There are 2 protein chains.
Amino acid sequence: MSDHEHTSTHIDEVDRSILKILQSDGRTALSEIARRLDMGSATIHERVRSLEEQGYIREYRAILDPKLLGIDQVAFVQVETTAGRFSEVAERLAEHREVQEVHEITGDFDLLLKVRVEETDDLSEFLSKLGESDGVRKSSTNVSLRTVKEDGRLDLNGQ
Amino acid sequence: MSDHEHTSTHIDEVDRSILKILQSDGRTALSEIARRLDMGSATIHERVRSLEEQGYIREYRAILDPKLLGIDQVAFVQVETTAGRFSEVAERLAEHREVQEVHEITGDFDLLLKVRVEETDDLSEFLSKLGESDGVRKSSTNVSLRTVKEDGRLDLNGQ
DNA sequence: AATGAAAGCTTAACGCC
DNA sequence: GGCGTTAAGCTTTCATT
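Keep in mind that this is a model prediction, so the values were computed, not measured. Positions within a chain are numbered from 1, following the residues in the order the chain's sequence is written. The naming scheme follows written order: chains are lettered A onward, ligands numbered 1 onward. For this predicted model, a pLDDT threshold of at least 70 governs which residues receive local features, and a threshold of 80 or more governs which side-chain atom pairs are given and counted, while totals over whole chains, interfaces and linings are taken from all residues. Processing note: side-chain calculations cover all non-hydrogen atoms of the structure and skip hydrogens and water entirely.

(A) View of the relation of the copies chain B and chain A. Alignment of the copies relies on least squares applied to C-alpha atoms, considering only residues that score at least 70 for pLDDT in both. With an RMSD of 0.1 Å, the operation that places chain B on chain A is a rotation of 180 degrees combined with a shift of 0.0 Å along the axis. A rotation of that kind, with that shift, is consistent with a two-fold axis. It is B:Arg61 whose C-alpha, among those of chain B, lies nearest the rotation axis, at 2.8 Å. Taken together, the interface assignments show that 99% of the residues at the interface of chain B recur at the interface of chain A, consistent with an identical surface on both copies. Note on definitions: a residue-residue contact is assigned when non-hydrogen atoms from the two residues lie within 4.5 Å.

Printed below as a string of C-alpha cells:
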C-alpha cells in the first residue's frame, strides 16, 4: 500500500479512541482521556492538538434541544436549477440562515436543502424567497411531521 | 393554556447568550463566559448546570470531519411503508448504525432517512437490508454528490 | 439568583528521554 | 512520539447577601 497522503499522517488506534471519546463527550478532560487510555496527559494533550490542527476535530459544540427552543419545524426542499448552475445556486442558498444543509444530489432534482425554522409561516416565507431566486427553476417540499432520529455523530467503529 | 410543563421555567436573555456561546464553542470556559457577560463565574456555573438539567443543553460534542475519516458517502432514502405502520418502521430503521436521521414526512413517501456510510458498497448493502425489512413497501434513493453545507446549529437570533 | 473566596483539578508549556 | 513537572487558570462548593 503506497503512501499517497498529503502531509497529514494517518491516524492510529489511539487517535481513533481519542476521537470516539471526544465525539461522545466533547468536554472530557485530557487527564480523564489519559487515565482511560493509560497514557500521560501531556501525550494526550499533544495528540488532541494535532488532531485539531490536521482538521479531524473541526470544533467543539454544545448540542441544543430544538423542541425546547421552539425551532422545530423541519422541511426538506428539492430544487431544480437552470441547466448547469446547480453549484453556484447551492452556494447562494447555503447562505440563508434557515438552511441547515445543502446537498447536490442525483435524481429528478439537483439540490436537496434541509431547512429549519420556528413556524410554518417562516417556511412559507422561505419558499417564496426561494421561488424568486435566480437560477431556481422549480422546487418540491416535504415537511417533517416528526423527527424520529437526528444524530450527526460518525460511526468510528468501521463495521 | 394549562401549565403542563414539568418544573422548567422559561429562559431569559442571559441564558440565551450562554447557549449561543456554548453552541459556537462548547469548550468556552465558564470563567470566560462570565467575563463576557460581566457576571460572576459561580453564577454562570449555576445557570449552565440548570440549562443542562432542563434539557436545553443536551450534550457536548467534538464535531469530526467526515471526509478526512472516510465516512463521506451520504444518501437520502425515501421510504413508503405498509399502511399506518410508519412510526413503528421509523423506530426500527433508526436503530441502524448507518442511519443518521429519520423523519416522518409529508408527500408521496412516509419516511425520509439520511444515511451515511464509507463506500457505495455499504449503501447498496443497506438498501438490500431495507428492501427486505418488515413494513417497507418501496423506497427511492438520492445520493449526495457533494455536500455544500451541513450545519446542525440552531439560529438563536430569532429573526 | 448572584457573589467572592478557597480548595482541588486541569491545561498548556518546558525540557528530558 | 512520549513523559513528568510546574505555573497559571479553571471548576466547584459554600457561606453571605
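What follows picks up the thread again.
(B) Structural detail: the environment of B:Tyr56. Secondary structure elements are taken from DSSP: a helix is a run of H or I of four residues or more, a strand is a run of E of two residues or more, and numbering for both begins at the N terminus. With respect to the element layout, B:Tyr56 can be found in the loop between helix 3 (41-54) and strand 1 (57-64). Remark: exposure states derive from per-residue accessible area (1.4 Å probe, protein chains only) relative to the maximum for the residue type, with buried under 20%, exposed over 50%, and partly exposed in between. A relative accessible area of 3% means that B:Tyr56 is categorised as buried. Between the alpha carbons of B:Tyr56 and B:Gln100 there is a distance of 21 Å; along the sequence they are 44 residues apart. If sequence neighbours within four positions are ignored, B:Tyr56 has contacts with A:Ile63, A:Leu64, A:Asp65, A:Leu68, A:Leu69, B:Thr9, B:His10, B:Ile11, B:Leu19 and B:Leu51.

(C) Looking closely at the interface of chain B and chain A. Residue-level contacts link 68 residues of chain B with 67 residues of chain A. Each of two parts loses accessible area, computed with a 1.4 Å probe, when they are put together; buried area is these two losses added. Summed over both partners, the interface of chain B with chain A comes to about 6,600 Å²; 51% of that surface belongs to carbon and sulfur atoms. It is B:Arg27, B:Arg61 and B:Lys149 that lose the most area in chain B upon contact with chain A, and together they represent 12% of the buried surface on that side. Throughout this description, the term salt bridge denotes a Lys or Arg side-chain nitrogen within 4 Å of a carboxyl oxygen of Asp or Glu. Run the count over chain B and chain A and you get 12 salt bridges. With a shortest N-O distance of 3.4 Å, A:Asp65 and B:Arg58 are connected by a salt bridge. Counting of polar contacts relies on pairs of N or O atoms within 3.5 Å, with two restrictions inside protein: one atom must be capable of donating a hydrogen and the other of accepting it, and residues adjacent in sequence are counted only when both atoms are side-chain atoms. Along the contact surface separating chain B from chain A lie 47 residue pairs in polar contact (both at pLDDT 80 or more). The biggest single contributor to the side of chain B that touches chain A is strand 5 (residues 136-150) of chain B, with 10 residues. Considered class by class, the residues forming the side of chain B that touches chain A number 27 nonpolar, 20 polar and 21 charged. Residue polarity is assigned by list, with Asp, Glu, Lys and Arg as charged and Ala, Val, Leu, Ile, Met, Phe, Trp, Tyr, Cys and Pro as nonpolar; anything else, Gly included, falls into the polar class.

(D) Inspection of the sheet that holds strand 4 (residues 111-117) of chain A at higher detail. Two strands pair under a simple rule: DSSP has to find at least two bridges between them. Read once around its circumference, the closed barrel built from eight strands follows the order 2(A)-4(A)-3(A)-5(B)-2(B)-4(B)-3(B)-5(A), with strand pairing classed as antiparallel. Averaged over all pairs of adjacent strands, the angle between their axes in this sheet comes to 35 degrees, without regard to strand direction. Across seven bridges, the pairing between strand 2 (residues 73-81) of chain B and strand 5 of chain B is antiparallel. Paired with B:Ala75 across the strands is B:Val143, a residue of strand 5 of chain B. Angles here are taken between N-to-C directions and fall from 0 to 180 degrees, while the axes themselves are lines fitted to C-alpha atoms, restricted in helices to the stretch in contact.

(E) Just the protein's contact with DNA strand C, in detail. It suffices for a single heavy atom of a residue to lie within 4 Å of a molecule or strand for the residue to be listed as near it. Taken together, A:Ala29, A:Leu30, A:Ser31, A:Arg35, A:Ala42, A:His45, B:Met39, B:Gly40, B:Ala42, B:Thr43 and B:Arg47 form the complete shell of residues around DNA strand C. At the protein interface, 81% of the atoms of DNA strand C within 4 Å belong to sugar or phosphate. A distance of 2.9 Å is found between a phosphate oxygen of DNA strand C and a backbone nitrogen or oxygen belonging to A:Leu30. At a separation of 3.0 Å, a phosphate oxygen of DNA strand C approaches a polar backbone atom of A:Ser31. Within the residue set of the surface near DNA strand C, elements represented by two or more residues are helix 2 (30-37) and helix 3 (41-54) of chain A together with helix 3 of chain B. Counted by class, the surface near DNA strand C contains five nonpolar, four polar and two charged residues.

(F) Expanded view of the side chain of B:Asp151. Residue placement: B:Asp151 occurs in the segment after strand 5. Separated by 2.8 Å, the side chains of B:Asp151 and B:Arg153 make a polar contact.

(G) View of the pairing of strand 2 (residues 73-81) of chain A. Residues and elements named next belong to chain A. Buried residues dominate strand 2, accounting for eight of its nine residues. Of the pairings in the sheet, the one linking strand 2 to strand 4 comprises seven bridges and is antiparallel in character. The residue of strand 4 that forms the bridge with Gln78 is Leu112.

(H) View of the protein's contact with DNA strand D. In the vicinity of DNA strand D, the residues found are A:Met39, A:Gly40, A:Ala42, A:Thr43, A:Arg47, B:Ala29, B:Leu30, B:Ser31, B:Arg35, B:Ala42 and B:His45. Restricting attention to atoms of DNA strand D within 4 Å of the protein, one finds that 76% of them are sugar or phosphate atoms. A distance of 2.6 Å separates a phosphate oxygen of DNA strand D from a polar side-chain atom of A:Arg47. Mapped onto the surface near DNA strand D, the elements with two or more residues apiece are helix 3 of chain A together with helix 2 (30-37) and helix 3 of chain B. Across the surface near DNA strand D, the residue classes break down as five nonpolar, four polar and two charged.

(I) Looking closely at the domain arrangement of chain A. For the domain bounds, the source is a domain assignment made automatically or taken from a database. Domain annotation for chain A reports domain 1 (9-54) and domain 2 (66-143). Computed from C-alpha coordinates alone, the two centres of domain 1 of chain A and domain 2 of chain A are separated by 37 Å.

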